[in-house]
Amino acid sequence: MVGWVLDLPVLKSVFPGLVAMKANTAIGFILGGVSLWLLGSEKAGKRTRHIGQLAALSVASMGLVTLGEYLFGWDAGIDQLLFREAAGSVGTSHPGRMAVLTALNFVLLGLALLSLDFKTRRGYRPADFFTIPVTLTGFTCLTGYAYGAKPLYGIGFFTTIAVHTAATFVVLCVGLLCARPERGIIALLTGDTVGGAVARRLLPATFGIVFLLGWLRLEGQRAGLYDTALGTSLYAVLMVVIFGALTLATARMLNRMDALRRRAEETLRESEERFRSVTETAHDAIVMADQKGAIVLWNKGAQTIFGYSANEVLGQPLTLLMPERYHDGHRKGLQRFLQTGEARVIGKTVELHGKRKDGGEFPLELSLTSWKTGNEIFFSGIIRDISERKGAEEVLRESEERYRLLFDENPLPVWVFDLETLSFLAVNEAAVRHYGFSREEFLKMTIKDIRPAEDIPALLEQVSKLKNGAHPPGEWRHRKKDGTIINVEIVSHLLNFGGKPAELVLANDITERKRAEEERDKFFTLSLDMLCIAGFDGHFKRLNPIWEKTLGYTVEELCAKPFMEFVHPEDREKTVAESKKLAGGGDTIAFENRYHCKDGSYRWFMWSATASVESGLIYAAARDITERKRVEREIEKLNEALRQHAAQLEAANKELEAFSYSVSHDLRAPLRSIDGFSQAVMEDCREKLDEQGKDYLGRVRAACQRMAQLIDDMLNLSRVSRGEMRMETVDLSGMAREIVSELQRQAPERKVTFVIADKLLSKGDPRLLRIAMENLLGNAWKYTSKRATARVEFGADQQPDGKTAFFIRDDGAGFDMAYAGKLFGAFQRLHGPAEFAGTGVGLATVQRIVHRHGGRVWAEGAVEQGATFYFTL
Amino acid sequence: MDKKIILLVEDNPDDVELTMRALKKNNIQNEVVVAKDGAEALDYLFATGSHSGRNTGVMPQIVLLDLKLPKVSGLEVLERLRADNRTKLLPVVILTSSKEEQDLVDGYSRGANSYIRKPVDFNQFTEAVRQLGLYWLLLNEPPPVQKATGAKVKV
């Protein structure tokens, strides 16, 4: 191109007189070179690739257009497009137009570039097919120039190929073939194969020697050194010698290679054989898998262990051999390894569980390795069934566990400490639990750390004794992590712990017990009952302070003599008997005796006691019941008085009954006589009596009636006080209606409205309640008798105390509340007999009846305003 | 009027007099035998003591018996009558001052045919005697006379 631009013939045609490389040809080379450069790298970007392909397409198009010009004789105008070439230039049929072969080569070269990465289904590469003719054409043209054989670079009268055009074609083609060294012809040449080796050895010779010899032979003849026959003969002989030697050398080389290969194959076979025998005879399972996790190798051991035959598992995923719970982890691990190369299991030996064909799990030991072949990664695993080993381990572990449990699960805190450093060497669970320190904390501490500071000197002294072999159990104070001080009872024992003299310590927390003891002692001191412990020897051993207060003796005085000497002489016999009973294992409950006081008096004690026959001790509690005894006697006296009183009362009642009986019979008889004979006198001596006499006799008779009425009322009154009560449910409403109808029957002319509440029921004696109701209703009837109309009501009210009060209310004469207290007195009247008849016994009777029922009766009223009588039952 | 005897057992002469007067006022003219106490009543009825030899085939139409009597009480008399075959059906009316519940119960439970309390009012007493006579002497049919077998039958 530079040549054309500057019009330098040297650059256009190399040698004067030779045909020039046409400008289009130069452009074609530049485009081809650029295309090859751009497409040279397989990893070129899409854009770069497109530009390269565009350049290649331009090259092919240019060749194709030029070919078209030659074939159809037309001028497309591209020949002189850039530079004009004078007509009649050397070897040029059409000025500026490239040679026919050049055009054809450009077409092939363009196609080769376009199809650089294309490959047919059978593995042929069209690029190679396009490239080889171009190479050969170039080589042929160069040979033509070298040997001076024009027909080799020019066809007929058409433009010939310039020498450097041919050379450039060869260079471009070599570049093209080398662009993809791993493929096609170049791969064949460079490959590590026998063919490659032969090609590498023979091809340069073929090109170089044959070309050189041909050229020498021609030049020699041209120089007149020999004629054609001799030249040809020499050429043939030299060819035979050189190629013969070359062939022999090649054969030797091939033999050497063959031997090497065979040896390598032998070695490989042996190695495979060894591998096979190892895999097949191994008891362990040897399993290989590809990078997808599919099984590719399965030995007999695997079959034995897992139960699957090779046919069943080959190609199956490895997860087939794992329990479900490992599946996820396996998949993730595999993925991670393939992506990042991070291996957790590979290269290690791990213990896992496998799953047999029958579904059973078993413990296994797995050694996993991976390797790479080409692009493939493989995994191989050696798997050992360790069920049995596990079993043995289990037995050992259990045995260890049992001994560990003796220590660790001991309910008492146990530890071992170093006798030299006093550090804890081992602590059990109970210690951790009880003291609040963690095991780790314990193991960093010394036994001094669980003592209150003031106890440490004593501790150190004790430790020094331990070294001398003394291990007396003792009571100590320990400090928990939270600062609580506890009382513990320590039992310890010397032992050799990991080669060091150490002490095994059992600590029993007795804080609660101590507290209980203290509490018991407090109660013992505080008790108001007398507590004592006495020996079967008859002496008190321990007494609480209340003894001193009760008896006046000091505890020392009481303990000094046999306790029997303090017992009242009259009670000694039974006290001795009771003591014997206790000594025989019996218990004493509510035993009573008297104890002597220092002031000479005696006090009554009531005893509860039990004995411990083994220790010969009596535990007893006594209560001072002197006061109770006194009260009991008092009550007995009172009861006696009461009994006498009751007897007297009964006698009085009997007397009263006899009196009533007598009154009932005898007091009335004289009245009858008085009345009867007064009447007889009135009848028989009518004529002899004046009006006054008749009046007097009338008065006598009236007095008799009153007297008889009084007697009857008195008897009734006494009758309601006597006799048994028969309690039942009484319908007071019904009773009131009966009484009212009787009253109305006696005086039907009276206009009295009775209002009687329904269903008033009460518990009581029906006979007595009837008398009370008769009296109350009778009173209401009587004291309303002076009214033209009257209203009498029977009802019930709720009292503030919740009791039901029945009432009978009238609107009659009423009474003055000032005399309300006198209403219920026997024979008490607020009205004269002239006003209202009556003896004054009715309300007294009512009161007695109500009182006998445990009730209360009261009245409210006002003069001429009526009265209301209330009663409860 | 044949012999419908009234046996009045009454210790109080006033009451005897008043009873007789009441009977007379009511024109009851039957023979009235008065026994001053229980013992005499029994003698009369069983023809013993001062009444020995009396024909026990003849029994009073009615016995008016006071309860409070000397010697043998009214209730005891009643008991004896009811215990004897000859008198066990004899109509006995207790005529007394008391109306003590105990007396009523005792009287009826020993077989009294009636119980009347003597009112203090003489007019009322007369009326009571009138009705008593009318009923027991005229209306009431006496039991057939029992054979004096002397055998005692427990009632």
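Cut-offs applied
- Residues numbered from 1 in each chain as written.
- Chains lettered and ligands numbered in written order.
- Predicted model: local features only at pLDDT ≥ 70, side-chain atom pairs only at ≥ 80, totals over all residues.
- Heavy atoms only, no water.
- Helix = DSSP H or I, 4+ residues; strand = E, 2+ residues; numbered from the N terminus.
- Buried < 20%, exposed > 50% of the residue type's maximum accessible area, 1.4 Å probe, protein only.
- Contact = heavy atoms within 4.5 Å.
- Areas by Shrake-Rupley, 256 points an atom, 1.4 Å probe, with all protein chains shown as cover.
- Buried area = accessible area lost by both parts, 1.4 Å probe.
- Salt bridge = Lys/Arg side-chain N within 4 Å of Asp/Glu carboxyl O.
- Phe/Tyr/Trp six-rings, centres within 6.5 Å; stacked < 30°, edge-to-face > 60°.
- Patch = residues over 30% accessible without salt bridge, like charges linked within 9 Å, V, L, I, M, F, W, Y side chains within 5 Å.
- 1 Å grid on protein atoms, 1.4 Å probe; cavity = no way out; pocket = protein on both sides within 12 Å on 5 of 7 lines; lining within 4 Å.
- Points joined across faces, edges and corners; volume = space filled by probe spheres on them.
- Nonpolar A, V, L, I, M, F, W, Y, C, P; charged D, E, K, R; others polar.
- Pairing = 2+ DSSP bridges.
- Axes fitted to C-alpha atoms, helices over the stretch in contact; angles between N-to-C directions.
- Parallel < 35°, antiparallel > 145°, perpendicular 65-115°, else oblique.
- Left-handed = near helix turned anticlockwise from the far one by under 90°.

Overview of the overall build of chain A
Right, on to step 1. Along its length, chain A carries 26 helices and 22 strands.
Right, on to step 2. By the burial criterion, 39% of the 873 residues in chain A qualify as buried.
Right, on to step 3. Put simply, of all contacts in chain A between residues at least 6 apart along the chain, 54% involve residues at least 24 apart.
Right, on to step 4. Carbon and sulfur atoms make up 59% of the accessible area of chain A, which amounts to about 49,200 Å² in all.

Let's talk about the interface of chain A and chain B
Right, on to step 1. Listed by partner, the interface residues are 26 residues for chain A and 23 residues for chain B.
Right, on to step 2. Note on chain A versus chain B: buried area summed over both sides is about 2,100 Å², and carbon and sulfur give 46% of it.
Right, on to step 3. For the interface between chain A and chain B, the tally reads 7 salt bridges.
Right, on to step 4. Notably, a salt bridge pairs aspartate 15 of chain B with arginine 672 of chain A, separated by 2.7 Å at the nearest N-O pair.

Brief notes about the pattern of salt bridges
All names here are of chain A.
Right, on to step 1. Within the structure shown, the criterion is met by 59 salt bridges over all chains.
Right, on to step 2. The salt bridge partner of arginine 331 is aspartate 328, with a shortest N-O separation of 3.7 Å. One end of the pair, arginine 331, and the other, aspartate 328, are both in helix H13 (residues 327-340), 3 residues apart, so they sit about a helical turn from each other.
Right, on to step 3. Overall, the relative accessible area of 46% leaves aspartate 328 in the partly exposed class.
Right, on to step 4. Close ionic contact of arginine 745 with glutamate 742 constitutes a salt bridge, the shortest N to O distance being 2.7 Å. Here the residue arginine 745 and the residue glutamate 742 both occupy positions in helix H24 (residues 732-746), the gap between them amounting to 3 residues, near one helical turn.
Right, on to step 5. Its relative accessible area of 34% is what places glutamate 742 among the partly exposed residues.
Right, on to step 6. Ionic contacts of the salt-bridge type, sharing partners, join the residues Glu401, Arg404, Asp408, Glu429 and Arg439 into one network.

Some words on the packing of aromatic side chains
All names here are of chain A.
Right, on to step 1. Under the counting rule described, the total for this entry stands at 31 aromatic pairs over all chains.
Right, on to step 2. Ring centres of phenylalanine 29 and phenylalanine 169 lie 4.8 Å apart, and the angle between their planes is 70°; this geometry places the pair in the edge-to-face category. Highlighted residues: phenylalanine 29 in helix H3 (residues 23-40) and phenylalanine 169 in helix H7 (residues 163-179), separated in sequence by 140 residues. As far as the burial class goes, phenylalanine 29 and phenylalanine 169 line up, both buried.

Re the environment of phenylalanine 362 of chain A
Residues and elements named next belong to chain A.
Right, on to step 1. Note on placement: phenylalanine 362 falls in strand E4 (residues 361-373).
Right, on to step 2. Overall, the relative accessible area of 1% leaves phenylalanine 362 in the buried class.
Right, on to step 3. For the pair phenylalanine 362 and methionine 322, spaced 40 residues apart in sequence, the C-alpha to C-alpha distance is 9.9 Å.
Right, on to step 4. Residues contacting phenylalanine 362, with those up to four places away along its chain left out, are Ile305, Phe306, Leu352, His353, Gly354, Lys355, Arg356, Asp385 and Ser387.

A closer look at a nonpolar patch on the surface
Residue and element names in this part refer to chain A.
Right, on to step 1. Residues Leu54, Leu57, Leu111 and Leu114 make up a contiguous nonpolar surface patch of about 330 Å² in total accessible area.
Right, on to step 2. Only helix H4 (46-72) and helix H5 (100-114) provide two or more residues apiece to the nonpolar patch.
Right, on to step 3. If you trace the backbone, leucine 111 turns up in helix H5.
Right, on to step 4. Owing to a relative accessible area of 33%, leucine 111 belongs among the partly exposed residues under this scheme.

Describing the layout of surface pockets
Residue and element names in this part refer to chain A.
Right, on to step 1. Put simply, the second largest pocket is a space of about 690 Å³.
Right, on to step 2. Of all the secondary structure elements, the ones that give two or more residues to the lining of the second largest pocket are strand E1 (285-290), H13, strand E3 (349-355), E4 and strand E5 (376-385).
Right, on to step 3. Here the lining of the second largest pocket gets 6 residues from one element, more than from any other, and that element is H13.
Right, on to step 4. Of the residues that constitute the lining of the second largest pocket, the class distribution is 20 nonpolar, 7 polar and 3 charged.

Digging into the sheet that holds strand E15 (residues 617-624) of chain A
Within a sheet, each strand pairs with its neighbour through backbone hydrogen bonds, oriented either parallel or antiparallel.
All names here are of chain A.
Right, on to step 1. On the basis of which strands lie adjacent, the open sheet formed by 5 strands has the order E12-E11-E15-E14-E13 and antiparallel pairing. Strands at the two margins of the open sheet, each flanked by one partner only, are strand E12 (540-543) and strand E13 (588-596). Strand after strand, the sheet turns through a mean of 30° between neighbouring axes, direction not considered.
Right, on to step 2. Of the strand pairs in this sheet, strand E11 (residues 530-535) and E12 are connected by 3 bridges, and their pairing is antiparallel.

Concerning the sheet that holds strand E17 (residues 751-756) of chain A
Residues and elements named next belong to chain A.
Right, on to step 1. Overall, mixed pairing links the 5 strands, which are arranged E17-E19-E20-E22-E21 in an open sheet. For this open sheet the edge positions go to E17 and strand E21 (857-861), each flanked by a neighbour on one side alone. On average, each strand axis in the sheet is tilted by 15° relative to the strand beside it, whichever way the strands run.
Right, on to step 2. Here 5 bridges tie strand E20 (residues 804-810) to strand E22 (residues 867-871), and the two strands are oriented antiparallel to one another. Within E22, the residue paired with aspartate 810 across the bridge is alanine 867.
Right, on to step 3. Relative to E17, H24 is tilted by about 170°, and along the sheet it contacts E17, strand E19 (789-798) and E20.
Right, on to step 4. Contacts between helix H25 (residues 766-783) and the sheet are confined to E17, E19, E20 and E22, with E20 contributing the most and set at about 30° to the helix.

Quick look at the packing of H3 of chain A against H4 of chain A
All names here are of chain A.
Right, on to step 1. At their nearest, the axes of H3 and H4 sit 8 Å apart, and the two run at 150° to each other. It follows that H3 is roughly antiparallel to H4 by the angle criterion. Read as a crossing pair, H3 and H4 show a hand that is left-handed. Of the residues in H4, those in contact with Asn24, Ile27, Gly28, Leu31, Gly32, Ser35, Leu38 and Leu39 of H3 are Thr48, Arg49, Ile51, Gly52, Gln53, Ala55, Ala56, Ser58, Val59 and Met62.
Right, on to step 2. Residue composition of the contact of H3 with H4, by class: 9 nonpolar, 8 polar and 1 charged.

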